[in-house]
2 protein chains.
Amino acid sequence: MSQDISIALDAMGGDHAPEMVVRGANIARQRFPKVHFLIFGDAAQVEPIVASMPLLAKVSSVHHAGQQVKADDKPSVVLRTGRDTSMRLAIDAVRDGRAAGVVSAGNTGALMAMAKVVLRTLPGIDRPAIASFFPTLRGESVMLDLGANVQCDADNLVQFAVMGNAFARTVLGVMEPSVGILNVGSEDIKGHEYLRDAHAMLRSANLPGRFHGFIEGDDIAKGTVDVIVADGFTGNVALKTLEGTVKLYAEFMKQAFRSSVLSRMAILLARPALKTLRARADPRRYNGAIFLGLNGVAVKSHGGTDSFGFANAIGVAVDMAQHGALDKIKDDVARLTIPEPAGPVAASL
Amino acid sequence: MSQDISIALDAMGGDHAPEMVVRGANIARQRFPKVHFLIFGDAAQVEPIVASMPLLAKVSSVHHAGQQVKADDKPSVVLRTGRDTSMRLAIDAVRDGRAAGVVSAGNTGALMAMAKVVLRTLPGIDRPAIASFFPTLRGESVMLDLGANVQCDADNLVQFAVMGNAFARTVLGVMEPSVGILNVGSEDIKGHEYLRDAHAMLRSANLPGRFHGFIEGDDIAKGTVDVIVADGFTGNVALKTLEGTVKLYAEFMKQAFRSSVLSRMAILLARPALKTLRARADPRRYNGAIFLGLNGVAVKSHGGTDSFGFANAIGVAVDMAQHGALDKIKDDVARLTIPEPAGPVAASL
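Caption draft 1: Region of interest: the relation of the copies chain B and chain A. Placing chain B over chain A gives an RMSD of 0.0 Å and needs a rotation angle of 180°, together with 0.0 Å of translation along the axis. Look at the turn and shift together and you get a two-fold axis relating the two. When C-alpha positions in chain B are compared against the rotation axis, the closest is assigned to A266(B), at 2.2 Å. Here 100% of the contact residues of chain B are again contact residues in chain A; the copies associate through an equivalent surface.

Caption draft 2: Structural view of the confidence of the model for chain A. Residues and elements named next belong to chain A. Of all residues in chain A, 95% have pLDDT values of 70 or greater, and the mean over the chain is 91. Across residues 343-349, confidence stays below pLDDT 50; counting only partners more than four residues off in sequence or on other chains, it has 17 contacts. Predicted complex metrics record ipTM = 0.88 and pTM = 0.90.

Caption draft 3: Region of interest: the packing of helix 10 (residues 232-257) of chain A against helix 11 (residues 261-280) of chain B. Where helix 10 of chain A meets helix 11 of chain B, the axes come as close as 8 Å, and the angle between the chain directions of the two elements is 145°. In this structure, helix 10 of chain A crosses over helix 11 of chain B, and the sense of that crossing is right-handed. For the pair helix 10 of chain A and helix 11 of chain B, contact is made by F252(A), M253(A), A256(A) and F257(A) and by A270(B), A273(B), L274(B), T276(B), L277(B) and R280(B), respectively. The class makeup of the residues in the contact of helix 10 of chain A with helix 11 of chain B is eight nonpolar, one polar and one charged.

Caption draft 4: Here's a closer look at the domain arrangement of chain A. One can read the domain layout of chain A as domain 1 (1-119) and domain 2 (124-292 + 324-349). Here the C-alpha centre of domain 2 of chain A lies 27 Å away from the C-alpha centre of domain 1 of chain A.

Caption draft 5: Quick look at the environment of G235(A). Residue and element names in this part refer to chain A. Of note, G235 is situated in helix 10. Here the alpha-carbon distance between G235 and L144, two residues 91 residues apart in the chain, equals 6.3 Å. When residues no more than four places from it in sequence are discounted, the contact partners of G235 are M143, L144, D145, L146, G147 and A230.

Cut-offs used in this document
- Residues numbered from 1 in each chain as written.
- Chains lettered and ligands numbered in written order.
- Predicted model: local features only at pLDDT ≥ 70, side-chain atom pairs only at ≥ 80, totals over all residues.
- Least-squares fit on C-alpha atoms with pLDDT ≥ 70 in both.
- Contact = placed C-beta atoms within 7 Å.
- pLDDT = per-residue confidence, 0-100.
- Axes fitted to C-alpha atoms, helices over the stretch in contact; angles between N-to-C directions.
- Helix = DSSP H or I, 4+ residues; strand = E, 2+ residues; numbered from the N terminus.
- Left-handed = near helix turned anticlockwise from the far one by under 90°.
- Nonpolar A, V, L, I, M, F, W, Y, C, P; charged D, E, K, R; others polar.
- Domains from an automatic or database assignment.

This is the structure in structure tokens:
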């Protein structure tokens, strides 16, 4: 499957940039020998770091950017005045076909705004969505939208289903993904009207895989479906609730094990088991919010991640590019037919 | 604080009724010596069980009910035809002042529908809400609404804040509860319009405690606030996501500890620590969805719970009754003033 591709990196985004970004590229290089890196940033800072890693230097080019986006910059301001930022130049490289995807750990709002304007949405997609994947009892699931669109209509949700479906096939490696709509009850009559309309449309749509129907909040971690479709408000609340609960439970466990001499001895014996547990739920393994629906691959790494996490975000971009995620979305949208929706389609909230 | 009160129990609701209910009452009896129980159900089944627990029998009376609500009965049908059900008779006892509260592990929709019709909403409350409390990093928090109202306006949310506040003071024992509105970002400008309107109203309202502002999904488990206010759709998704994630993590941990001989030995040493952990997150400790905003205390136990969990649901009803939760809600609503809201108040979605 693998082919020679280039990935554009915003070297100046993230808490520990640029060193974290370059080190991340060096980890990704070992995993993806056929990938070239276009590294955008302050050349005076970036070049010495790249030069210190000769094997990375061989597959990379450093491109000077006179500006950089700061964490608290307003997206609208960056859009107007940030044409020479490392983030913008990296996105431009995707638009111009010099790179197959862009990865940045910088300002999310600015990245989304610039990626939308520069790359534009795919034909048939009204609004791009933010997607993320995470471990479940059954394997891995992807959820979208996670906050790009606070209010959605049924058409948006159907398009999210198409995009999430293509992502599950390309990055998660699920041949026939199951798709569910996040709701408050699994009966068909529950929830907001636009959810019921999307349900009716997806039930009769010719999407690859299987439409499961409505799911509830506890189905997310269960892994009941491969693709969880939600409006950006609900998806954002659900993902952050899940993340917060994982942290709570890990802290409860830590406190419980510290509670006695015996349990502290148990930690020593259980170290490999605990390591397995930690690795399985390691947020760095699931680093990378994906902007889906654009004419180009754009991945947002967590700002606070380390080079291991950043390498995983690069991995998501590489997977999407090498497995033709965008072509799959384009094809599926183009051939999407929805025979006689059961109910009227709500235009908006 | 404690005083003689009576609690009405629906003996026929729940997977393991009526034995589970009567055993639950027997556990609660030891914890609350001043509580009397009015037990509604099929006398032929219930009386022998009560008779087998002489200390419970001394503080209980059994009241025959010729009907019972089934798990899959439609609320609208139960409302019309279920006047002799154990659930309905238990609610009637609260309306008539013979009991200070009702606890049922039966059909949630039927309980909510009958409690609304029979008990009616408190003055100043437009819609009752479902609330629940759970463990957090800081202690315990209460969240509402959890599904009674899929669509809400700003006034509803303000009333939920009043009700949750009173619950935190009476059942959780928090003197000055902090209140937050669940949203997708903590900046004041984010999210749906009705959330921003409720934010503006609560910022200037004279509620006891402290209005924190907006919170995000990960703040739920963190315990950032004592009272989490949400519309019924968002609250339902968030609570179920949290519950599902706790189960996922517990399962991951179980699998990790089973993975080797060493880790299985570690379990033996860590048994007390793991017991502490399990107890801390034990869903039976947090059993009981509370219907707030009604002219009477009504608590819904999980249908699948055991007698220990049911006793905790009884405990919630007793706490609310003995600490005057409803009077606090009535007082706070009556004296609620909101000087010059900063923005227009959205009427609905």
